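Examination of the molecular architecture
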Amino acid sequence: KQEVTQIPAALSVPEGENLVLNCSFTDSAIYNLQWFRQDPGKGLTSLLLIQSSQREQTSGRLNASLDKSSGRSTLYIAASQPGDSATYLCAVPYMDSNYQLIWGAGTKLIIKP
Amino acid sequence: GAVVSQHPSRVICKSGTSVKIECRSLDFQATTMFWYRQFPKQSLMLMATSNEGSKATYEQGVEKDKFLINHASLTLSTLTVTSAHPEDSSFYICSARDEAGASNQPQHFGDGTRLSIL
């Protein structure tokens, strides 16, 4: 059974720092891995999706990597800003059904001005 | 890009009221949509998988008579919380996957509905 874990659960860093969020999964047979952002009381925003055949994806200051063999993905945020404060979630599709997602518990990120 | 529209964004109503939440895929067709529930400071929990033209598939512990799902078209799924009570107060989010083209498309999410039952 696939399980997704995110460490740390919370992270607080000063503005301007580069940081890494971690996501691990127990079953390496995944279609893809997706990173989301959720602001308090809001819905989810998809940040990056990495296909199983890819090693990384980049969007602006965000870079997501995928290492299937070790069951890990990282989300790298460069030059963090207060506006990056949110909860970041990773998820992988459950392969035996209609692509329903299996979620990590999220990392709550606070960027201090 | 693909957009999922969810309405209403906020509902406050009295106990015993039934509440309908709509989830629409605006520029793509989705034979499958998903409904999630999120309690404060917790991750999303899948409630059910909505299948166009057939019955929804509910996760264990989710009452199908309590949470009625209708997926009557390829762009619309509705979740009705029947006779809602304070314990049903939560944040409900829908998602849909653009199934055209490659099989590895991401899921797109609505903005969520915050339901508060007094």
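To keep things clear, this report deals only with the structure shown in the data block. (Residues numbered from 1 in each chain as written. Chains lettered and ligands numbered in written order. Predicted model: local features only at pLDDT ≥ 70, side-chain atom pairs only at ≥ 80, totals over all residues. Heavy atoms only, no water.)

1. Digging into the side chain of Ser50 of chain B
Residue and element names in this part refer to chain B.
- Tracing the backbone shows Ser50 in strand 5 (residues 45-51).
- We classify Ser50 as buried; its relative accessible area is 0%.
- Within polar-contact distance, the side chain of Ser50 engages the side chain of His71 at 2.7 Å.
- When sequence neighbours within four positions are dropped, the list of residues in contact with Ser50 reads Thr31, Thr32, Met33, Trp35, Ala56, Ile69, His71 and Ser77. (Helix = DSSP H or I, 4+ residues; strand = E, 2+ residues; numbered from the N terminus. Buried < 20%, exposed > 50% of the residue type's maximum accessible area, 1.4 Å probe, protein only. Polar contact = N/O pair within 3.5 Å; in protein donor to acceptor, adjacent residues only side chain to side chain. Contact = heavy atoms within 4.5 Å.)

2. Quick look at the interface of chain A and chain B
- Residue-level contacts link 19 residues of chain A with 23 residues of chain B.
- Summing the contributions of chain A and of chain B, the shared interface buries around 1600 Å²; its carbon and sulfur component is 50%.
- Of all the secondary-structure elements, those providing two or more residues to the side of chain A that touches chain B are strand 4 (32-38), strand 5 (44-51) and strand 10 (101-103) of chain A.
- If you tally residues by element for the side of chain A that touches chain B, the top one is strand 4 of chain A, at four residues.
- Across the side of chain A that touches chain B, the residue classes break down as nine nonpolar, nine polar and one charged. (Buried area = accessible area lost by both parts, 1.4 Å probe. Nonpolar A, V, L, I, M, F, W, Y, C, P; charged D, E, K, R; others polar.)

3. Quick word on the sheet that holds strand 3 (residues 19-25) of chain B
All names here are of chain B.
- Judged by pairing direction, the sheet is antiparallel, and its four strands sit side by side in the order 1-3-8-7 without closing on themselves. The sheet is open, and its two edges are formed by strand 1 (4-7) and strand 7 (67-73), each paired on a single side. Neighbour-to-neighbour, the strand axes of the sheet open up by a mean angle of 15°, direction not taken into account.
- Relative to strand 8 (residues 76-81), strand 3 runs antiparallel, the two sharing six bridges. Residue pairing for strand 8: Val19 is matched across the bridge by Val81. (Pairing = 2+ DSSP bridges. Axes fitted to C-alpha atoms, helices over the stretch in contact; angles between N-to-C directions.)

4. Side note on the state of the cysteines
- Across all of its chains, the model carries two disulfides over all chains by this definition.
- Disulfide partner of Cys23 of chain A: Cys90 of chain A, at an S-S distance of 2.0 Å. Taking the sign of the S-S torsion, 80° for the link of Cys23 of chain A and Cys90 of chain A, the bridge is right-handed. Of this pair, Cys23 of chain A sits in strand 3 (residues 19-25) while Cys90 of chain A sits in strand 9 (residues 86-93), and the two are 67 residues apart along the sequence. For the residue pair Cys23 of chain A and Cys90 of chain A, the accessibility class agrees, reading buried in each case.
- Distance from the sulfur of Cys13 of chain B, which forms no disulfide, to the nearest cysteine sulfur (Cys94 of chain B) is 18 Å. (Disulfide = S-S within 2.5 Å.)

5. Things to note about the pattern of salt bridges
All names here are of chain A.
- Under the criterion given, the structure shown has four salt bridges over all chains.
- A salt bridge links Asp39 to Arg37; the shortest N-O distance between them is 3.0 Å.
- Among the residues examined, Arg37 registers a relative accessible area of 15% and is labelled buried.
- With a closest N to O distance of 2.8 Å, Arg61 and Asp84 form a salt bridge. (Salt bridge = Lys/Arg side-chain N within 4 Å of Asp/Glu carboxyl O.)

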